[in-house]
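Single-letter residue listing:
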Amino acid sequence: MTPITGMDLTGFIEREPGVWTDERGLVLSVHFFPQVPDLPAPLHEPERLRQGIAQGVGGRGGGLIEAVFGTVDEVPAVRQLIKVPRPGGQGQVFLGSWTVPKATCSTVLKVQAAEGATTGVREAMVMAQVGPAEYFRPHPYAPGLRDGLPCHVADDEGWDPHFPDHPLTLVRATLNRIAPSITLDERFKVLPPFGTPTPPAAQPPATGRGRLRRRKDG
């Protein structure tokens, strides 16, 4: 269990505790990590945090598409979209997450989807429209980054309406839809924020109140 006590799971079927899938191939999962968050900087240092995440993802062979800041149930959080090579095959896997970090723990909502048999169509079509010279660009968070997958304009959200069934579009849209519906355990919400010292005796709540509630707003 996690401090996430409810969210809108419309269209998803539970496969195992904390893991759901839908008919489009999306995998949604929730996680709780009872240790200091593995983030390179606190949320109030956005430039250092973004640069550190981009460098870390690139160093592992992937690419950070974006890292944006917002709230989950009124608690500061960071949303990441990452692309990684598909294991054992062509194409890419797109991973999206909302991370809600606290001083001694964090909770994460993750959504992922992989390209199917046909890969690279979005990239090829966008490059044909903008031209090779405008297609690739330095990473916006780490301009000198050379590791990992290249940064290019086809990953921009503005192209999502042109490719409604692309896994990146589906992951981003699902994160945008579900995040406003998330509710968090009040005991988790009041914990000290990530980046502030806390007494050793402080213990985060590992679970919410019973089974995760399925919400359907509207």
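Every value quoted in this text rests on a predicted model; they were computed, and no experiment measured them. (Residues numbered from 1 in each chain as written. Predicted model: local features only at pLDDT ≥ 70, side-chain atom pairs only at ≥ 80, totals over all residues. Heavy atoms only, no water.)

Draft legend 1. Inspection of the pairing of strand β1 (residues 4–8) at higher detail. With 5 of 5 residues buried, β1 is to be regarded as a mostly interior element. Direction of pairing for β1 relative to strand β9 (residues 183–184): antiparallel, over a ladder of 2 bridges. If you follow G6 over to β9, its bridge partner there is T183. (Buried < 20%, exposed > 50% of the residue type's maximum accessible area, 1.4 Å probe, protein only. Helix = DSSP H or I, 4+ residues; strand = E, 2+ residues; numbered from the N terminus. Pairing = 2+ DSSP bridges.)

Draft legend 2. Examining helix α1 (residues 46–59) more closely. Taking 1.5 Å as the rise per residue, α1 with 14 residues should run 20 Å; its terminal C-alpha atoms sit 20 Å apart, in good agreement. Of all the positions in α1, only L49, I53, A54, V57 and G58 are classed as buried. Taken end-on, α1 shows its buried residues confined to a sector of 155 degrees, consistent with a single buried face. Away from its buried face by more than 90 degrees, α1 exposes E47 and G59. In this structure, the buried side of α1 is in contact with β5 (63–72) and β6 (75–85). Downstream of α1 by a residue or two, G61 has a phi angle that is positive, lying close to 95 degrees. (Expected span 1.5 Å × (residues − 1). Arc of directions from axis to C-beta. Contact = heavy atoms within 4.5 Å.)

Draft legend 3. Region of the structure containing the nonpolar core. Judged by nonpolar contacts, the single largest core of 31 residues is most densely connected at M7, L28, L109, V171, I182 and L184. At the level of secondary structure, the elements contributing two or more residues to this core comprise β1, β4 (27–33), β5, β6, β7 (92–101), β8 (106–114) and α4 (167–178). Per-element tally for this core: the top contributor is α4, with 5 residues. Counting residues in hydrophobic clusters, the runner-up holds 14 residues, among them L43, A67, V78 and Y141. (Core = buried A, V, L, I, M, F, W, Y, C linked by side-chain atoms within 4.5 Å.)

Draft legend 4. The arrangement of the packing of aromatic side chains in detail. Applying the stated criterion across every chain, the model contains 1 aromatic pair. One residue, K102, lies across the ring of F188, its end atom 5.9 Å from the ring centre. (Phe/Tyr/Trp six-rings, centres within 6.5 Å; stacked < 30°, edge-to-face > 60°. Lys NZ or Arg CZ within 6 Å of the ring centre and 35° of its normal.)

Draft legend 5. Representation of the pairing of strand β2 (residues 13–16) within the structure. In terms of strand pairing, β2 meets strand β3 (residues 19–21) through 3 bridges, oriented antiparallel. Paired with I13 across the two strands is T21, which belongs to β3. What sits between β2 and β3 in their antiparallel hairpin is a turn of 2 residues, with G18 showing a positive phi close to 85 degrees.

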